[in-house]
Amino acid sequence: MERSVCITKCIFCSRTVFVHCIFAERPTSRLSHQAWIGHQEQVKTEFPDSPPDSQSLTVPLWAMALISIEDLDGLDDEQLDDDITDHSEPMDDEEQDRMYAHWQAVGRTHHVSVPREMRGPIEEMTRRNQTSEREQVPFVTVSRHEKLGEVLYEERVYPPGKWACVRKADMLYEQSISNAFMKLMRFICKENSTGRYLGMSVPVVNEITMADDGTNFMKDVLTAYYLPAEFQARPPEPTDPDISIVDRDTIRVITRVFYGTTTEETVSRQISMLWELLGNSGDVLRDRYMVAVYENPGVPQRRNEIWFIRRAP
């Protein structure tokens, strides 16, 4: 068993923590946020050299990845009062530095550099996410296909709406989506004609086009953020000329959930898996797919969906 120590932020309460990343052979069951905190005492004997800070946590790497928003929702009000720091006030410089360092580390896994001007949007979005709900892009479920109680895939219709869109064509797919999302973060966090924080909606959608061989991705990727309901009638203007407001038509998609990072390799695998489930389907596009992302890149085991697009009737 190998381990390393890093300084990071709790993905739920944004508390600065020292984390022992333990590389075990096999994960066990999911841990709740409360169990995660309690885990420090369980392994402190095994690793007596852990940092003495009272906020230090010692957790398996796989436990970090498997903690979910649902786990946090299960805590009662008293536990939340004990475990979550109020971040309604702006972070101090030290907190900002630590949060920025965390995003830099995440950026390196996506082969991108996070510029210092992202410190403000990172703080703003982190702080706002503690106190406000993310708005769900509206849709209607048409059908759901299950096997032994597990949802294999479902079909949905998304109505017309206005989206803020960015096109990037970097060397790697993950570079394009990361750089595009940083632009959208700045747009959401006041770099718009209203000067206001617009609010987060989910999912953020990345649209990919396949090369002629049907296997590799084209470099050009479109990343789209759905404008919250408050701004659908009168969209704010972006200050960044690379962002355009697009009125997108109704779209009918076949969706399948998957978890983890989204790279060209992982997305290609999900495309193949969904085609295996569907078999031959002539009314589904094969040259264009969408990847819907529900959580920010800093969440290790984040929820995503692969979307297949139905041809227009």
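Refer to the structure presented above.
The following refers to the structure shown.

1. Overview of the pairing of strand S10 (residues 217-226)
Part 1 of the reasoning: Judged by how many residues are buried, S10 sits mostly within the fold: seven of ten residues are covered.
Part 2 of the reasoning: The pairing of strand S7 (residues 161-168) with S10 spans six bridges and is classified as antiparallel. When the sheet's bridge partners are listed, Trp-163 is paired in S10 with Tyr-226.
Part 3 of the reasoning: When strand S9 (residues 204-210) meets S10, the two strands line up antiparallel, connected through five bridges. Bridging across to S10, Asn-206 finds its partner in Thr-223.
Part 4 of the reasoning: Linking two consecutive strands that pair antiparallel, namely S9 and S10, is a turn of six residues; a positive phi of about 75 degrees is found at Gly-214 within it.

2. Details of unusual backbone geometry
Part 1 of the reasoning: For the peptide bond that leads from Val-202 to Pro-203, omega is 0 degrees, which places it in the cis range.
Part 2 of the reasoning: The residue Pro-203 is located in the loop between strand S8 (201-202) and S9 in this model.
Part 3 of the reasoning: Although it is not a glycine, His-111 sits at a positive phi angle of roughly 65 degrees.
Part 4 of the reasoning: A positive phi angle, close to 55 degrees, is found at Leu-148, a residue other than glycine.
Part 5 of the reasoning: On the secondary structure map, Leu-148 appears in the loop between strand S5 (140-147) and strand S6 (150-158).

3. Topic: the pairing of S7
Part 1 of the reasoning: Examined bridge by bridge, S7 and strand S11 (residues 243-248) share six bridges and lie antiparallel to one another. Bridge pairing links Cys-165 to Ser-244 in S11.

4. Some words on helix H5 (residues 93-109)
Part 1 of the reasoning: Between the first and last C-alpha of H5 there are 25 Å, a value that for 17 residues agrees with the 24 Å anticipated at 1.5 Å per step.
Part 2 of the reasoning: Along H5, the residues that are buried comprise Gln-96, Met-99, Tyr-100, His-102, Trp-103, Val-106 and Gly-107. Projected onto a plane normal to the axis of H5, the buried residues spread over an arc of 155 degrees and lie on a single side. More than 90 degrees from the buried face of H5, the exposed residues found are Asp-93, Arg-108 and Thr-109.

5. Quick notes on the environment of Glu-155
Part 1 of the reasoning: Inspection of the secondary structure assignment puts Glu-155 in strand S6.
Part 2 of the reasoning: Assessed through its relative accessible area of 8%, Glu-155 is described here as buried.
Part 3 of the reasoning: Sequence separation of Glu-155 and Arg-252 is 97 residues, and the distance between their C-alpha atoms is 7.3 Å.
Part 4 of the reasoning: Contacts of Glu-155, omitting those with residues within four sequence positions, involve Val-140, Thr-141, Val-142, Ser-143, Arg-252, Val-253, Ile-254 and Arg-310.

Cut-offs applied
- Residues numbered from 1 in each chain as written.
- Predicted model: local features only at pLDDT ≥ 70, side-chain atom pairs only at ≥ 80, totals over all residues.
- Heavy atoms only, no water.
- Buried < 20%, exposed > 50% of the residue type's maximum accessible area, 1.4 Å probe, protein only.
- Helix = DSSP H or I, 4+ residues; strand = E, 2+ residues; numbered from the N terminus.
- Pairing = 2+ DSSP bridges.
- Expected span 1.5 Å × (residues − 1).
- Arc of directions from axis to C-beta.
- Contact = heavy atoms within 4.5 Å.

The quantities given are spatial measurements derived from coordinates; they are silent on function.
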